[in-house]
Structure formats: structure tokens, C-alpha cells
Amino acid sequence: DLIKSTVFISDETATAAIFGIYGQMAGFGSSTDGSNQSITFITSLSSDEMLNYGSETEMDQFNSNSLLANNSSILRVWSEAYQCIYRANDIIEGLERSTGVTESLKAQLEGEAKFIRAFFHFYLINLFGDVPLVLTTDYKTNSGIPRTATAQVYEQIVQDLSESQTLLSDDYSFSNNERVRPIKSTATALLARV
């Protein structure tokens, strides 16, 4: 709680917390950076939209749909998704207790965090089927969560995206008109996919 009490004391520090998640998502070799280690690439290999011309034999497993349990790309996607979900939950919980963040920014950041949580749960269930539905930062609770039925995870995704639609801005004015963060239509687009 010491970190939450110092992170969510102002608009600037709370915004930095959400930027931390985006930094992880955009980092080289992350599962969402668009590189040859990303969800986009590995699912394209699995669906025959792409071919692996590299020397990484793990990628051939995706191309031939013969994945092995020790494939590090699978572990990376799983681990990174749950790291980002944890961080999104941390932001949601921190904003709930915050009195130092302006209400308009609090709504935007909560909407972004719920969008991120829905985004990763969506890809997890589409890649792995039933997965743990993680909605807290309590490590004791999280360590014992069994796989949750896909239908129940979808219900949470729909709830998170519906709430994001009401919380997120209609335009990019909050981000100097840079189209780098989710807005209401982003949540609507993912909700349409769901």
C-alpha cells in the first residue's frame, strides 16, 4: 500500500502508472509489439497466413500446429499477459482509493486499465481456452485461482469493455491528439470482436 499511496496522489504519477503498462506492451520482444515473438506473428503462423523463414525451431511448432509444453514463446505470452492484467488490476484498485487524482483523469485511467484487462483476457481465452480470471492484486487469492470457464471470462470481458466505453474519452484530446491510447471507440471495436 505504500506504493499505491504514493503513485495515486496526483494526475502525473497516476498517468505514469498506466504508461508503465504501455511500456511493457511496446517493449522489444513483448507479446504485443508486432515482432516475430508477438501474438500477431505466432497466431499468423498457426493459421498459415505466414511462414517462418527464421532459424527458431520453436516458431516451426506454431506453423505445424504441434506445440510442445516447453515452448518459451507460449510461456512468454502467458506470463506477460498476466503481468499486464496484474498491473491493470493494481491501477484499478489504486484509483478506487485515490483522492489526489482528478475525477476526469481517474475515469480515463480506469477505462484504460479495464480495457487492458479485457484485451489480455480475450487473447488468453482465444489461445488457451479456460484460463484463470484474475481480478485482484491479492497474491494469496491469485495463487489459487483455477481455470475459469471461457463463458465466465467472456462475461467479465464484456463487463470490462462496457464499463470502458462509459469511462473512456470520445477523442484523443487527453493525449495531445496522439492516437496511442484507447478511447471509447477502441473499447467498442474490441467489444464487437468479442
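These numbers were taken from a predicted model, which means no experiment stands behind them.

Cut-offs used in this document
Residues numbered from 1 in each chain as written. Predicted model: local features only at pLDDT ≥ 70, side-chain atom pairs only at ≥ 80, totals over all residues. Heavy atoms only, no water. Helix = DSSP H or I, 4+ residues; strand = E, 2+ residues; numbered from the N terminus. Rg over C-alpha atoms; globule rule 2.2 N^0.38 Å. Buried < 20%, exposed > 50% of the residue type's maximum accessible area, 1.4 Å probe, protein only. Contact = heavy atoms within 4.5 Å. Areas by Shrake-Rupley, 256 points an atom, 1.4 Å probe, with all protein chains shown as cover. Phe/Tyr/Trp six-rings, centres within 6.5 Å; stacked < 30°, edge-to-face > 60°. Expected span 1.5 Å × (residues − 1). Salt bridge = Lys/Arg side-chain N within 4 Å of Asp/Glu carboxyl O. pLDDT = per-residue confidence, 0-100. Core = buried A, V, L, I, M, F, W, Y, C linked by side-chain atoms within 4.5 Å.

Visitor: Quick one: what's the story with the overall build of the chain, residue by residue and with numbers?
Guide: In terms of helices and strands, the chain carries nine helices and zero strands. Tracing the chain from N to C terminus, the helices and strands come up as α-α-α-α-α-α-α-α-α. Against the 2.2 N^0.38 benchmark of 16 Å for 194 residues, the chain shows a C-alpha radius of gyration of 17 Å, consistent with a compact globule. Each of the three principal axes of the chain carries a C-alpha extent, and together these read 50 × 40 × 30 Å. Relative to its 194 residues, the chain shows a buried fraction of 44%. By sequence separation, contacts in the chain at least 24 residues apart represent 58% of the contacts at least 6 residues apart. Summing over all exposed atoms, the chain offers an accessible surface of approximately 10,200 Å²; the carbon and sulfur share of this is 54%.

Visitor: So, the packing of aromatic side chains: which residues are in play, and what are the values?
Guide: What the rule picks out here adds up to six aromatic pairs. Centroid distance Trp78 to Tyr82: 5.2 Å. Interplanar angle 55°. Geometry classified as tilted. Placement of both Trp78 and Tyr82 in helix H5 (residues 72-97) is noted, with a separation of four residues, approximately one turn of the helix. Residue Trp78 is classed as partly exposed on the basis of its relative accessible area, which comes to 24%. Within the aromatic cluster, the residues linked to one another by ring pairs are Phe115, Phe119, Phe120, Phe122 and Tyr123.

Visitor: Give me helix H8 (residues 150-167): which residues, what numbers.
Guide: With 18 residues, H8 extends 25 Å from end C-alpha to end C-alpha; this agrees with the ideal 26 Å at 1.5 Å per step. Within H8, burial applies to Val153, Gln156, Ile157, Asp160, Leu161, Ser164 and Gln165.

Visitor: Go over helix H2 (residues 11-26), please, and point to the residues and values.
Guide: Here H2 is 16 residues long and its end C-alpha atoms lie 22 Å apart, about the 22 Å a rise of 1.5 Å per residue gives. All buried positions along H2 are accounted for by Ala14, Thr15, Ala17, Ile18, Ile21, Tyr22, Gln24 and Met25.

Visitor: Break down the pattern of salt bridges for me, citing the residues and quoting the values.
Guide: A complete count under the given rule lists five salt bridges for this structure. Across the salt bridge formed by Lys114 and Glu110, the nearest N and O atoms sit 3.0 Å from each other. You can see Lys114 and its partner Glu110 sitting in helix H6 (residues 103-128), four residues apart, about one turn around the helix. We classify Lys114 as buried; its relative accessible area is 9%. We note a salt bridge from Glu163 to Lys114, for which the minimum N-O separation is 2.4 Å.

Visitor: Which residues make up the environment of Ser44, and what values do they have?
Guide: Position of Ser44 among the secondary structure elements: in helix H3 (residues 39-46). Each C-alpha atom, one on Ser44 and one on Ala151, is 25 Å from the other, the two residues being 107 residues apart in sequence. Aside from chain neighbours lying at most four places away, what touches Ser44 is Glu49 and Met50.

Visitor: Any details on the confidence of the model for the chain? Residues and values, ideally.
Guide: The predicted coordinates of low-pLDDT regions are not to be read in fine detail. Taken over all residues, the pLDDT of the chain has a mean of 91, while the share at 70 or more is 97%. When the elements of the chain are averaged for pLDDT, helix H1 (residues 2-7) gives the smallest value, 65, and H8 the largest, 98.

Visitor: So what's going on with the nonpolar core? Which residues, and what values?
Guide: In this structure, Ile18, Ile21, Ile91 and Phe120 are the most contacted members of the largest nonpolar core, which totals 36 residues. At the level of secondary structure, the elements contributing two or more residues to this core comprise H2, H5, H6, H8 and helix H9 (184-193). With eleven residues, the top contributor of residues to this core is H6. Look past the residues within four positions of Phe120 in its chain and what remains in contact with it is Met25, Ser31, Thr32, Ala81, Cys84 and Ile85. Grouped together as the second largest cluster of nonpolar side chains are eight residues, Leu45, Met59, Ile74 and Val77 included.

Visitor: Account for unusual backbone geometry, naming residues and giving values.
Guide: Phi is positive for Asp48, close to 65°, though the residue is something other than glycine. You will see that Asn177, though not glycine, has its phi angle at about 60°, which is positive. Within the secondary structure layout, Asn177 lies in the loop between H8 and H9.

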